[in-house]
Every structure is written in structure tokens, then in C-alpha cells.
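Summary of the model geometry
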Amino acid sequence: MLLENKENKTLVDKIWDFFASVKLAIIIFSAISLTSVIGTILEQNAEPEKNIKLLMKLFGVSQQTAISIFDILDSMHFMDMYHSWWFVTLLLLFGANLIICSIDRLPRILKIVNEKIRPLPSEHIEKMSIKKEISLKGKASGVRESVLDAMKGIGFKPAEHADEKGLQFYAEKGNFTRLGVYLTHLSILVILAGAIIGIFFGFNAFLNLPEGATSSVAYQDRGTEVPLGFDIRCDNFEVDYYDRTDMPKAYRSWLTVFKDGKEVMKKSIVVNDPLKYEGITFYQSSYGMVPNSEGSGIIILKMVSKDGKSEQINAKVGESFTIPGTAVQGKITDFSPALSIDESGKSFTYGEMMTNPAIYIEFTEAANKKFSGWLLKRYPQTWNLPDGNRVEFLDYWGVEYTGMQVRRDPGVFFVYLGCIIMSVGLYITFFMSHKRIWINITEDKNTAKVLIGATANKNRAAFERKVEKLIGLLNTAKKGGK
Amino acid sequence: MDSSVFFGLSTIAYILAMIAYITYLAFRKTQIGIIATTITVAGFVTQTLALGMRWKEFYDIGQMGWLRAAPLTNLYESLVFFVWCLILTYLIIEFRYKNRSFGAFITPVAGLALAFIDISGMSKNIQPLVPALQSNWLLAHVLMSFIAYALFAVSFSTGLMYLMLRTEKITESGYIFWTLILSAVVITLGAMGLDYLTFKVLVKTPEELIKGFLFKASFRSDSVAVALLSWGIAIGLTFLIWRYGVIFKKILTAFNITPELLDELTYKSIAIGFPVFTLGGLIFGAIWADQAWGKYWTWDPKETWSLITWFFYAFYLHSRLMRGWKGRKVAAVAVLGFLAVLFTYLGVNLLLSGLHSYGAQ
Ligand code: HEM
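Residues numbered from 1 in each chain as written. Chains lettered and ligands numbered in written order. Predicted model: local features only at pLDDT ≥ 70, side-chain atom pairs only at ≥ 80, totals over all residues. Heavy atoms only, no water.

1. Details of the overall build of chain A
Put simply, the rule reads: Under the DSSP-based scheme used, a helix requires at least four consecutive residues in state H or I and a strand at least two consecutive residues in state E, with every element numbered from the N terminus. Should any heavy atoms of two residues lie within 4.5 Å, those residues are considered in contact. Accessibility throughout is a Shrake-Rupley quantity obtained with a 1.4 Å probe, and a residue counts as covered only by protein chains that appear here.
The number of helices and strands found in chain A is 10 helices and 22 strands. In terms of overall dimensions, chain A has C-alpha extents of about 120 × 70 × 50 Å along its principal axes. Put simply, 57% of the contacts in chain A that link residues at least 6 apart link residues at least 24 apart. On chain A, roughly 25,900 Å² of surface is accessible, and the fraction owed to carbon and sulfur atoms is 57%.

2. Regarding the packing of aromatic side chains
Quick note on the threshold: Think of it this way: a Phe, Tyr or Trp ring, Trp meaning its six-membered ring, pairs with another when their centres are within 6.5 Å, and the plane angle makes it stacked under 30 degrees, edge-to-face over 60, tilted otherwise. Working definition: with a 1.4 Å probe on protein chains only, accessible area under 20% of the residue-type maximum means buried, over 50% means exposed, and in between means partly exposed. Charge over a ring is defined by NZ of Lys or CZ of Arg lying within 6 Å of the ring centre and within 35 degrees of the ring normal.
If you walk through the whole model with that rule in mind, you get 41 aromatic pairs over all chains. Summarising the aromatic geometry, the rings of B:Phe81 and B:Trp84 are spaced 5.8 Å apart at their centres and angled 15 degrees between planes, so their arrangement reads as stacked. Here the residue B:Phe81 and the residue B:Trp84 both occupy positions in helix α3 (residues 75–97), the gap between them amounting to 3 residues, near one helical turn. For the pair formed by B:Phe81 and B:Trp84, the shared burial category is buried. Three or more aromatic residues joined by ring pairs form one cluster here, namely B:Phe82, B:Phe146, B:Tyr149, B:Phe152, B:Phe277, B:Tyr313 and B:Tyr345. Taking the ring centre of A:Phe156 as reference, the NZ or CZ of A:Lys173 above it sits at 5.1 Å. Lying across the ring of B:Tyr244, B:Arg243 places its NZ or CZ 5.3 Å from the centre.

3. Considering the coordination of the iron atom of the ligand
Note the cut-off: Shown as donors are all N, O and S atoms within 2.8 Å of a metal ion, widened to 3.2 Å for Na, K and Ca; because water is not in the atom set, sites may appear incomplete. In this scheme the shape depends on donor count and angles: four donors with every angle between 85 and 135 degrees give tetrahedral, four or six donors with opposite pairs above 155 degrees and others between 65 and 115 give square planar or octahedral in turn, and any other case is irregular.
For the iron atom of the ligand, the full set of protein donor atoms is A:His185 (NE2) and B:His318 (NE2), at a range of 1.9 to 2.0 Å. Relative to the metal, the 6 donor atoms surrounding the iron atom of the ligand lie at angles of 84 to 179 degrees, and the coordination shape comes out octahedral. Of this pair, A:His185 sits in helix α8 (residues 180–201) while B:His318 is found in helix α11 (residues 301–319), placing the two residues in two different chains. Here the two residues A:His185 and B:His318 agree in accessibility, since each one is buried.

4. Looking at unusual backbone geometry
Outside of glycine, negative phi angles account for most residues, and trans bonds account for most peptide bonds. Positive phi is not limited to glycine here, since A:Asp260 has a value of about 50 degrees. The residue A:Asp260 is located in the loop between β7 (248–259) and β8 (262–270) in this model. Backbone geometry places B:Trp299, a non-glycine residue, at a positive phi of 60 degrees. Counting through the fold element by element, B:Trp299 comes out in the loop between α10 (259–293) and α11.

5. Topic: the site of the ligand
Our working rule: In this text, near means that some heavy atom of the residue lies within 4 Å of the molecule or strand in question. Each polar contact in these results corresponds to two N or O atoms within 3.5 Å; when the atoms are within protein, one needs to be able to donate a hydrogen and the other to accept it, and residues that are neighboring in sequence are counted only if both atoms are side-chain atoms. Asp, Glu, Lys and Arg are counted as charged, while Ala, Val, Leu, Ile, Met, Phe, Trp, Tyr, Cys and Pro are counted as nonpolar; the rest, among them Gly, fall into the polar class.
Around the ligand, a shell composed of 26 residues is seen, among which A:His185, A:Ile188, A:Lys458, B:Tyr267 and B:His318 lie nearest. Residues near the ligand are shared among chains A and B, making this a multi-chain site. One of the side-chain nitrogen or oxygen atoms of A:His185 is found 2.7 Å away from a nitrogen atom of the ligand. One of the side-chain N or O atoms of A:Lys458 is found 2.9 Å from an oxygen atom in the ligand. Of all the secondary structure elements, the ones that give two or more residues to the shell around the ligand are α2 (22–41), α5 (85–114), α8 and α9 (412–431) of chain A together with α10 and α11 of chain B. Per-class residue counts for the shell around the ligand are 18 nonpolar, 6 polar and 2 charged.

6. Remarks on the sheet that holds strand β18 (residues 368–376) of chain A
All names here are of chain A. Just so we agree on the cut-off: Here a strand pair is declared whenever DSSP counts at least two bridges between the two strands. Axes here mean lines fitted to C-alpha atoms, for a helix over just the part in contact, with angles spanning 0 to 180 degrees between N-to-C directions.
Taken in spatial order, the 4 strands line up as β13-β14-β17-β18 in an open sheet, and their pairing is antiparallel. Both edges of this open sheet fall to β13 (320–322) and β18, since each of them pairs with a single strand only. Pairs of neighbouring strands in the sheet enclose a mean axial angle of 25 degrees, with direction left out of account. Pairing between strand β17 (residues 358–365) and β18: 8 bridges, direction antiparallel. When the bridges of β18 are listed, Ala 358 appears paired with Leu 376.

7. Considerations on the side chain of A:His185
Of the residues examined, A:His185 reaches a relative accessible area of 16% and is grouped as buried. Those residues in contact with A:His185 that lie beyond four places of it in its chain are A:Leu98, A:Ser102 and B:His318.

8. Side note on the interface of chain A and chain B
Formally: In short, buried area is how much 1.4 Å probe accessible area vanishes from two parts on joining, totalled over both. Any carboxyl oxygen of Asp or Glu that lies within 4 Å of a side-chain nitrogen of Lys or Arg is treated as forming a salt bridge with it.
Taken residue by residue, the interface counts 47 residues in chain A and 43 residues in chain B. A combined buried area of about 3,900 Å² lies between chain A and chain B, and 69% of that area is made up of carbon and sulfur atoms. Our count for the chain A to chain B interface comes out at 1 salt bridge. The residue B:Asp290 makes a salt bridge to A:Arg407 at a minimum N-O spacing of 2.7 Å. Remark: the boundary between chain A and chain B carries 4 residue pairs in polar contact (both at pLDDT 80 or more). It is α2(A) that contributes the most residues to the side of chain A that touches chain B, 11 residues altogether.

9. Thoughts on a nonpolar patch on the surface
Residue and element names in this part refer to chain B. Our working rule: Patch definition: residues above 30% relative accessible area lacking any salt bridge, with like charges linked at up to 9 Å and the nonpolar side chains Val, Leu, Ile, Met, Phe, Trp and Tyr linked at up to 5 Å.
A grouping of Val 186, Leu 237, Phe 239, Leu 240, Tyr 244, Ile 247 and Ile 251 is seen on the molecular surface, where their side chains present a nonpolar patch of about 600 Å² in accessible area. Those elements that place two or more of their residues in the nonpolar patch are α8 (224–244) and α9 (246–254). Here the nonpolar patch gets 4 residues from one element, more than from any other, and that element is α8. For Leu 237, the position within the fold is in helix α8. On the basis of relative accessibility, which here comes to 31%, the residue Leu 237 falls in the partly exposed class.

10. Regarding the pairing of strand β4 (residues 203–210) of chain A
Working note: regular strand, side chains alternate between the two faces of the sheet. Residue and element names in this part refer to chain A. Here β4 shows a buried face lined by Phe 203, Ala 205, Leu 207 and Leu 209 and an unburied face lined by Asn 204, Phe 206, Asn 208 and Pro 210. Where β4 meets strand β20 (residues 400–408), 8 bridges bridge the pair, whose relative direction is antiparallel. Within β20, the position partnered with Ala 205 by the bridge is Val 406.

11. Considering the confidence of the model for chain B
For residues with low pLDDT, the predicted coordinates do not support detailed interpretation. As a reminder of what qualifies: Confidence of the predictor at the level of single residues is given by pLDDT, which spans 0 to 100.
Mean pLDDT over chain B: 81, with 84% of residues reaching 70 or higher. Throughout residues 353–361 of chain B the model reports pLDDT below 50, and contacts reaching past four residues in sequence, or to other chains, amount to 25 contacts.

12. A short note on the sheet that holds strand β11 (residues 298–304) of chain A
Residue and element names in this part refer to chain A. The strand order β12-β11-β19 describes an open sheet built from 3 strands, whose pairing is antiparallel. The open sheet terminates on both sides in strands that have one partner only, identified here as β12 (310–315) and β19 (390–397). On average, each strand axis in the sheet is inclined to that of its neighbour by 20 degrees, with strand direction left out of account. Two strands pair when backbone bridges link them, and β11 and β19 are joined in this way by 7 bridges, in the antiparallel orientation.

13. Details of the packing of α5(A) against α8(A)
All names here are of chain A. Short version of the rule: Orientation labels follow simple angle bins: below 35 degrees gives roughly parallel, above 145 gives roughly antiparallel, 65 to 115 gives roughly perpendicular, and whatever is left gives oblique. In a left-handed crossing the near helix is turned counterclockwise from the far helix by less than a right angle, and in a right-handed crossing that turn is clockwise.
At a minimum axis separation of 10 Å, α5 and α8 run at an interaxial angle of 150 degrees. As judged from the angle between their axes, α5 and α8 are roughly antiparallel. For the pair α5 and α8, the crossing hand works out as left-handed. In this structure, α5 uses Leu 91, Leu 92, Phe 94, Gly 95, Leu 98, Ile 99, Ser 102, Arg 105, Leu 106 and Ile 109 to contact α8, whose residues at the interface are Tyr 182, His 185, Ile 188, Leu 189, Leu 192 and Ile 196. Here the contact of α5 with α8 is built from residues that sort into 12 nonpolar, 3 polar and 1 charged.

14. Some details on helix α7 (residues 140–153) of chain A
Residue and element names in this part refer to chain A. Where we set the bar: Helix span, as expected, comes to 1.5 Å for every residue beyond the first.
With 14 residues, α7 ought to run about 20 Å at 1.5 Å a step, and its terminal C-alpha atoms sit 20 Å apart, in line with that. Among all positions of α7, only Ala 140, Val 143, Ser 146, Val 147, Leu 148, Ala 150 and Met 151 are buried. Positive backbone phi, at 90 degrees, marks Gly 155, one or two positions downstream of α7.

In C-alpha cells:
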């Protein structure tokens, strides 16, 4: 080390060494962490007022001062810092550090990996971190077989070497595990590459599609249209609720994809289960009411008469229908998107979203008023009429839209690939090791001396237990052999 | 009987175990040690039962199948699960290393974490899952994150003990570092205990507690005298721990706890925790986000803090490889890493907001 002459290094060497050092890695870890903290405090991509208020609270300063601080931070891109040039530069530096560090060390590691294990003189074996010595009765040649078996018993395939001093078996396992770290490092590069591919070749957009509507484009933040290359239609949108509560259980959209006018795909999506077509993925993300659509939706009813005749119809508020096979007529007179009953029994609408849609129907028979009341879509028990007929309120259609994230990201494949590589790499790094073992057998007055030396670059204790198992095998083999 | 009775029993068991382990440390009688272990095992079994029962209760209510009913859906359940992992890890260490003395350091963390649930008054109600949380990836994500957190908690304790053993003078930076960290832990927990006693009736949700009431009984009291007194006591306590911290070293030495053992335990728990956290915490989290929101990474505060935590432990693993960084500095990184875990886990939910904030209810 001391002989290394620093003066003689060229500038290129110096830069190389700088990028190959673990010290730089630690500096970059710290830099990314510290700046990231700021990004979690300041709200990213938010309206300026929000962060100005936050700064006033944080530092206890006046609005004037907060605005100046905000301007300074904003000019340093802290309000959208994860996409700023300097943060991306940090990430790229991180990548460069990894690449150069790996290139720098890989040849040496490869040499160790490819190096075949060789027989060693016993003085070396004596000094190993795992060292055991036992004596067995019998000649060295008699012990030979049991040593071979015992080594195989703990999973090693030994080679043999004999010279005038005696017999030696030696074996190794898991040389390749030394590459686990490099696999881990490689995976980070693959993930970074995936992220970059996503930025350059992908898009993030959204699409609000009313029930029944079709679209061939999605929209980006500033309203720019992104052509999809196919058409997508929302057939229906529904919210499922947990029994008798207004707590949503699932948001579901039924979608149909058309390519060149032909139907090619039908799927219902929920949160966590998107639709994917030609590399573009549609995620359920929000929903809402189409503006000014209140009351204009189509009511889908299924009428079932006492004697089992049934018919399905589409109706609107104000329209009438007749239950098949009877003279009972119903007229839909009112609609509520979210109906509830107060303590005195009066009904009222408590929300604008379609939390609990209900229709009010007045029934008549031969122009005589029979009865009237609310039918609730989510409560089938309200569908049974007092005279034994039934009117099922199936849907109120055409007034809701489904809100979807629309994304294309060809980089995701690489990100996932990187994740798999990383898992494998970490497993190898932390749960496997390069193990080597040498066993010397010498003869001394009718006893065979067995000297065992072993090393592992990781998890030494676990390997030591293996070696003890080997000794156990040897001892029982000897006893059994007698 | 429902699961909460059993959860209560296990909390009591862990607090009793804590007392037993500390008594064991003080008197070094094997019988006391056996009692301590027995109580801990009993508490662990009770808690396991409680977890199973809560799972069943959620299954009955949730109408979503067994997997989706895993009791890991909110802050309360995750904290309980964290304690379960911690005690399991501890019991494994106790049996593997045949050393009971760590019990006195781990059981207080378990007892206090469970007590924190009451202190913060967080909701224990079983609530059906909102659609975004209905994902098996999320389940694996939460499960593995908490296993990793428990392992990191162990490395925090052993790292701190390592520093206790490896510092000599009360003026050296390593000594000041660990006494300050220990004081901060003791003072924070003490102050929250006071909040609990004073505000139990008023407090309804964790947000409300942290934003409104945290330290109101002490440092942030409306009465200037109480606030000043609290600061005084805090400073005094810190001074005492700093002045007499050497006692800890004596206790540890008396129990044959060597720095080498502590270093190994710290490394081992991080060497297992790091891959588990990488796979469960980061990768499964990203897969879940990808399926639920359509983006595998959004830099929202929870994600970013997980990444910061990950960098801390990568820092730890690499600093061991640098010349001149063996020993104390590395242990300090392990200790700081757990502070990042704490912030990721509690701080982000309680102090910052983001995509994940609905998970805090
Ligand atoms: C966050 C990103 C990184 C992760 C997750 C990571 C992961 C790891 C892991 C798990 C190990 C094995 C540690 C051990 O055995 O205790 C390791 C070793 C190492 N890392 Fe990294 N690393 C990262 C970034 C870097 C960077 C940027 C460098 C660049 C200098 C670097 C250089 C090294 C070196 C030189 C080793 C030792 C290799 C050996 O033992 O042969 N790492 N890394």
C-alpha cells in the first residue's frame, strides 16, 4: 500500500479512482437522502400558496419572507425536485459510481471465482478460521472411505491429493456466490434504466369516460390529447358497498375495446386489477357525476309479476310502465341519488354522488291509486310491492363517468426485471457463501489423525455447524464400521 | 371473549416480563431468568391467539375471504404485529445464543409499543378495507415490512449496547451520542406517558393526539411553569444518563455480553432485515402501487422515506467495508437507521401527508 505512488497517477486515473470508491457511494447515499427529506416536507407539484403557508408555519415568518424563501427554493427546483436536473444528475452519478466501481473490482472477483481450489500444506490449514482435529482408530487408508462419505454427506465433492506426508481431500462450494453483490448492483442499474425508458418512451394520462361514451384519446396534464390507437368504451360503472353502509367495497367499470371498429376485448376493471391492451394500461382511479346530467339518466327496471312473468325496460323520470300480465301501472315521479330517511320517517337526499339511488313510483290499477313509495337500488327488500308483484331497480345508467389513469410505460418490464435480479442478488449475498474445506489425513501409530480446516466468506458460524456435522458423521461411521 | 382481552393480557405479560428481566439483570438468579422467559413465552402465545382471533373476527365482518382479512390494515394492527415479530426475534436470539440479558432491553420496547397504542388512543376498530387496500401484494408488503422493522429494532438495541461497551470517557463523541439517543427515547416515552394520563379522555384519533396533544402535558403545556419544569427535568435526566451512563457498561460486562457478540447481532439482524425490507418494503410496495395507481414509484412521502431508510442501511452495509469505519461509527449508523425507520413508520403517517395518509385511520 505504502509503495503506491500517488504522484504518478494521471488525471484520468484519479477520476477513475474517485468514481470507483465506496466513499463516493456513501456521499451519494447521504446526498440523495438529505435532499429527499426536503422533498417530503415541501409538497411537490402543489399550488405555490400551499407551500408558502407551510413555510410560514415551519419558520414562523411573515408571508413576505415566506414568499422570498419560496422563490429561492423554487429557483432551485425544490417544488418539483425529483424531476429537477440536479436530482437526476445525482441519480446518474450514483449509476456511474456503481458501474465504475464494479468494473474496477470485477476482474479480481472473477479471478477468485474461477480459481480452482488447491491442496494446501498443513501449516495453512492450522491457521484457518474453522479448524478441527480428531483421531480415529485404524490406518489412514481405512479412514479414507469414511472421510469421502462424510464430505459427500454435507454436500461436497472432494478432490484427492496424496504425497509423502499423507492424504488430503479438498473441496469448495458456492464460488459463484461472490458475484451476488455484483448482481445486486447490476439490478439497480437495470431499474434506473427502466425508469429512464419510462420517461422517454412512455406517457401518463387520464380519461374520464361517461357511461356509454367511447374515446380514442386520453388526456395529459395540460389537456394535450394522446392518441390511443384504438377506441375504448365505458359500458357501465358501479360502486359496491359493504352491507348497509356507505363504505365503498369496490369501484368497477365495464370496458370494451374496439380496434378498427371491431370489438376485441371486454373486461371489468377494479382498483388493483387494470385493463391492458397494446401496451396501454387503464387503471380505475376515480369516478363522478357527468355535469348537468341529474335526472336525465336511464332507469333500468325488471318487472316480475305475481305469476312469474318478467320483462326488462328502460325508462326515464316521468315515464310510465305496466307490469306484464296485470293491469298495474307504475309512474316514476322522482329520483334521488342518495336517499335516506330521517327520524320522523321523511325521506331526504343526503348527497350528490350516487351513493344510494332511489326512484319514487306511483302505482295505479284501472286509474285508481294503489300505493306509492321509494324503490332503492341497493335494498332489494324495497322492490317487493304489497300486492305480490315485484319491480327490480337494476341500474340508473348514463350519468356517472369513470375516471381512469391511462399509462404506457415500456420501462416497467425493466423495473420488474431489475427487482427480480435484486431479490436473487440479495439472497445470494446474504444467505449463501463461498465455502472451502481441506481435510488432511496422517497416520501415527495405528491411529489416523484427521485435520480439518475450512473457510467461508460469510455466515461462518453456519459453516462451522456443518463441519461439526461432518465430524459427527465420521465418528458414527467409525463406530459402525467396527 | 374477543381478541382485545387477549391483547390486553399479552401487554400485561410483556410488562411483567420486562420487570422480571430487569430483576434478573440486577440479581443474576437463574430462577428469575426462567420466570422471565416463561412469562414472555406465555405473552407471546397469548398474543398469537389474539392475532388469530382478530383475523377470524375480521374475516366474519369483511366478507372478503381469509387472505384479505389479515389483521394488518391499520396503524394499530401493524404496531401489534411489529411487537409480535420483535418478541419472536428476541426469543430466537435467547435460545440461539443462550443469553437472557437482552430481554431487559427488548421487552421494554414491546411493552411501550403496546402502551403507545393506548397513549395515542388510536382506533382499534375493525374496519372493512377500502378498495385500494384490497391487494395481496399489499398484504405481503406490510407483513414483510414489519418483520424487517422488528429486525431493525433489534439492531438498534444491539448497536446502542455496542456503543455503551465501546466508549470509555464521558467526553468522547460516541459516548455523548448514545447517551443523547437513550435520553431522547426515555424522555419521549415518558412525556407521552404523561400525555396519556392527562388527555386520555379527550383524545380520539392518533392524528388528533399527535397534532394537538402531543407533549401538551409537558413541553407544550399552556402553563409556562409546567413547560419550563419539563424542560428542566428533561435536561436533568439527560445529564444524569450522561454522567452515570457507565453503569450500563458495568451491567452489560457483568453478563458476558461482548462487543463482538453485539456487532455480530447488529450485522446479522440487518443482513436479514435488509433483503426482507428490499423485497417486501420496496419491491412489493412498488408492485402494489403499480397495480393500484398505475405508477410504481411516485415519490410520495411514505415511499421516499422508505427509500431513505433503505439508503441508511445500505450505508451501514457499505461503511463496514471502508477502512477506518469498523466498530463505533458503524454501530452509530445502525442506530440512526432505526430512527429513519421510526419516521417512515410513524412520522410520515402522523406528521406528513400523502397518498398513504388514509392508512393512518
Ligand atoms: C443503494 C444501492 C446499493 C445497494 C442496495 C448495494 C448493496 C450492496 C450489498 C448488499 C453489498 C454486500 C454487503 C455485505 O456483504 O455486507 C454490497 C457490497 C458492496 N457495494 Fe454496494 N450497493 C449499493 C450501491 C453501491 C455503490 C454506489 C457502490 C459504489 C462504489 C457500491 C460498492 C460496493 C462494494 C465495493 C461492495 C463490496 C463488494 C465485495 O465485497 O466484493 N455499492 N453492496
